[in-house]
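Structural overview
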Amino acid sequence: MHIPDGYLSPATCATMFAAAAPFWYVAGQRIKKTLNMRMVPLLSVFAAFSFIIMMFNLPLPGGTTGHATGVAIATIVLGPWGSMIAVSVALVIQAVFFGDGGILAIGANCFNIAIVGSLVAHWVYQGVAGKSPLTAKRRVVAAALAGYLAINVAAFITAVEFGVQPLWFTDAAGTPLYAPYGLNIAIPAMMIGHLTIAGLAELLVTAGVVAYLQRSDVSLLSFNSLVATTADAGGWNGSRRLWGIIAALMVLSPLGLLAAGTAWGEWSAADLVSGTGTSPVLAQAPTGLARLAEFWSAPLANYNLPFVAHEQFGYIMAAVVGTGVIILVFVLVGIISERLRKRNSAT
Amino acid sequence: MGGEAHHGKKRGNFVQRTIDSLAEAMERSLYAEQLASSRGILQNLDPRTKLIGTLLLIATAASARTISVVIGLAVVAFGFALLSRISFATLRPIWIGMFVFSGMIGLPALFLVPGPILATIPGLGWHISATGLRSAAFLILRSEISITLSFIMITTTLWTHILKSLRIFGIPTLIVVILSMTYRYIFLMLQSASDMFEARQSRVIGKLPGNEARRLAAATVGVLLSKSFQLSNDVFMAMQSRGFRGEVYILDEFVLSTRDYVAMLVIALICGLGIWFGIIVT
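Predicted, not measured: the structure shown is a model, and the values here were computed from it. (Residues numbered from 1 in each chain as written. Chains lettered and ligands numbered in written order. Predicted model: local features only at pLDDT ≥ 70, side-chain atom pairs only at ≥ 80, totals over all residues.)

1. A look at the overall build of chain A
As a reminder, the rule being used: In DSSP terms, a helix is any run of H or I states spanning at least four residues, a strand is any run of E spanning at least two, and both are numbered starting from the N terminus. Here a residue counts as buried when 20 or more other C-beta atoms fall within 10 Å of its C-beta, as exposed when 12 or fewer do, and as partly exposed in between; the C-beta atoms come from the backbone. A pair of residues counts as a contact when their C-beta atoms, built from backbone coordinates, are within 7 Å of each other.
In terms of regular secondary structure, chain A is built from 11 helices and 2 strands. Helices and strands in chain A line up, N terminus first, as α-α-β-β-α-α-α-α-α-α-α-α-α. Sorting the 347 residues of chain A into buried and exposed places 46% on the buried side. Considering only residue pairs separated by 6 or more positions, chain A has 68% of its internal contacts joining residues 24 or more positions apart.

Laid out in structure tokens, this is it:
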């Protein structure tokens, strides 16, 4: 389902917009590079196509009907980046013109369905289909799995967004201000419907369409790989935008300071005794936790650098150091594996 | 995401149901365009005023932490609906639809959210908590406010104007053009899909068996996909032959008038009061 307004807090909606923005940006750049002027009509027509698919009533075994989102078909034909944009445009039009999904929740709906859905569908389809011929049965199975998993992962993320609302957003009397159910109810409630009806609808549509295209218009199934090969710019140029996004995220990292309390499930032993607003309050910290907590003392505990007085600047510095360490590890792993590969090929 | 299951009288006749939902979408948009061109207080406002006003009111309703402020904003949304000249018959299904949807999700909260007991259902022994009731009211009212305000905005504004005014948020012109072209193609494809289903419907006697119906649906989607691809190639060639080189220009003729400033002031006042009583004083 598309999340209406009122189910997610404005803070969550803003976060989801921020999470979706880099993907939209990268998708836009990649599509621009490969399709150039063809992009406008192609994405418009495919967005319209995604919109229409969401309106189809698909008969399911057992006599019920369900709607599919068409995100996996869009991914198989257009590739994940094109699909992200086309499905996002369809979702925006659904929300603005047809009231299906909230206006503030557009970012969340696009992130869950268009972005996560496209990425999952892409990985699953490519992973299962491998290098099999375009007309192979294996591609139908891959499409079925891609559709089913894409919609279920999207539903799971939606359920988590719902489930965290009562943990973080309540009034003084403890009234949940948005989606009222915790993760223990939100996740099963969402997943039961999606593992069965919605998942099945998506599975049948995706597999059915791929099987149909194999019989009647196989060129559409190869369009994506054509785009992918021309899109592979590689090197510094290809990843420059992503570096920019990482830098922006580092600068934005002090936003975490705005959140009250400690992230759910990340309480320290002291938090559990004093209470953080989100954590359960215990008479005494669990002995195992207290013992383990002393075992490791992080060099940048609570993302604070001891020698930096300004808290927000310290936060940014911690983000820079953390990201730097991660990049360094990957660079070292890269160098070592390259050396090993050379040594092996030499012998 | 999909997933709404439908049972009922029309069960099994999915072809007819799909035709109906496609036709309904077309009718609704035609009605919106017709109403947007009529004269009324809200119709005469600048689209940018309406877009920003709608967003501010929805965001205030979403941020308010007291139920009285949310109820107040629901009354404001209802007032705007009266001003917009939208018939009650058009608004009713939208309100009821959202009420049923949010009610289905919010109702169990009456029993599941712990809090002071307000009443007990006789026979079942289920307790309705005051906290649960307030929480369900927040959910239903906020979703109703948002859908009412956004519905008013789209039915009193030509969609091309809404899209144009999106540029004040720095949305690239290219995206605005894609959005506007998508909206047009939706109608073309609604028509194609509806024709395909009607053609099939007219040749079928009785009910299609389940697997046959699924094959039909998948084949229709497949045909639509091939058509989309063909269409996008044709449109591209048409655009290119008319001199399209990837640059998009939109004429901008919006001018703010006195009534826009008055409307902005009224909306700012409402949002200010909402924020004061709904967030700051709580």
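2. A look at the overall build of chain B
Looking only at helices and strands, chain B features 10 helices and 2 strands. The 282 residues of chain B split such that 39% are buried. Looking at chain B alone, contacts between residues at least 24 apart form 75% of all its contacts between residues at least 6 apart.

3. Structural notes on the confidence of the model for chain B
For any part of a model where pLDDT is low, the fine detail of the predicted coordinates should not be relied upon. Residues and elements named next belong to chain B. Going by this rule: The predictor attaches a confidence to each residue, called pLDDT, with possible values from 0 through 100.
Residues with a pLDDT of 70 or more make up 93% of chain B, whose mean pLDDT is 83. Mean pLDDT across the elements of chain B bottoms out in helix 1 (residues 14-37) (77) and peaks in helix 2 (residues 47-63) (93). Scored below 50 in pLDDT, residues 1-12 makes 37 contacts in the model with residues more than four places away or belonging to other chains. Scored as a whole, the predicted complex attains pTM 0.75, and scored at its interfaces, ipTM 0.85.

4. Describing helix 2 of chain B
As a reminder of what qualifies: Here the expected length of a helix is defined as 1.5 Å per residue gap, with one fewer gap than residues.
The end-to-end C-alpha distance of helix 2 of chain B, which contains 17 residues, comes to 24 Å, matching closely the 24 Å that a straight helix rising 1.5 Å per residue would cover. By the criterion of burial, helix 2 of chain B is predominantly enclosed, with 14 of the 17 residues buried.

5. Thoughts on the packing of helix 4 (residues 106-129) of chain A against helix 5 (residues 137-168) of chain A
Residue and element names in this part refer to chain A. In plain terms, the rule: Every axis in this analysis is a line fitted to C-alpha atoms, fitted for helices over the stretch in contact. Angles between the N-to-C directions lie between 0 and 180 degrees. For classification, angles of less than 35 degrees are called roughly parallel, those exceeding 145 degrees roughly antiparallel, those between 65 and 115 degrees roughly perpendicular, and all remaining angles oblique. Whether a crossing is left-handed or right-handed is set by the direction in which the near helix is turned from the far one by less than a right angle, anticlockwise for left-handed and clockwise for right-handed. When residues are sorted by character, Ala, Val, Leu, Ile, Met, Phe, Trp, Tyr, Cys and Pro go into the nonpolar class, Asp, Glu, Lys and Arg into the charged class, and all the rest, Gly among them, into the polar class.
At their nearest, the axes of helix 4 and helix 5 sit 7 Å apart, and the two run at 150° to each other. Classified by the interaxial angle, the pair formed by helix 4 and helix 5 is roughly antiparallel. For the element pair helix 4 and helix 5, the recorded crossing hand is right-handed. Considering only residue class, the contact of helix 4 with helix 5 consists of 20 nonpolar, 4 polar and 3 charged.

6. With respect to helix 3 (residues 67-83) of chain B
Residues that lie three or four places apart on an α-helix share one face, since the helix turns once every 3.6 residues. Residues and elements named next belong to chain B. We apply this condition: When we speak of the arc, we mean the arc of directions from the helix axis to the C-beta atoms.
Over its 17 residues, helix 3 runs 24 Å from end to end, which matches the ideal 24 Å to within 8%, given 1.5 Å per residue. Taken as a whole, helix 3 has its buried residues at Val69, Val70, Leu73, Val76, Ala77, Phe80 and Ala81. Seen end-on, helix 3 carries its buried residues on one side only, within an arc spanning 145°. Among the exposed residues of helix 3, those pointing more than 90 degrees away from its buried face are Ser68, Val75, Gly79 and Leu82. On its buried face, helix 3 is in contact with helix 2, helix 4 (88-106), helix 6 (130-156) and helix 10 (258-280). Taken from the residues just after helix 3, arginine 85 is the one with a positive phi, measuring 70°.

7. Description of the packing of helix 3 (residues 71-98) of chain A against helix 8 (residues 173-201) of chain B
Taken N-terminus to C-terminus, the directions of helix 3 of chain A and helix 8 of chain B make an angle of 70°; their axes are 10 Å apart at the nearest point. Between helix 3 of chain A and helix 8 of chain B, the interaxial angle falls into the category roughly perpendicular. Between helix 3 of chain A, through Val89, Val92 and Ile93 of chain A, and helix 8 of chain B, the contact on the second element is made entirely by Ile178, Leu179, Thr182 and Tyr183 of chain B. When grouped by side-chain class, the residues that make up the contact of helix 3 of chain A with helix 8 of chain B number 6 nonpolar, 1 polar and no charged.

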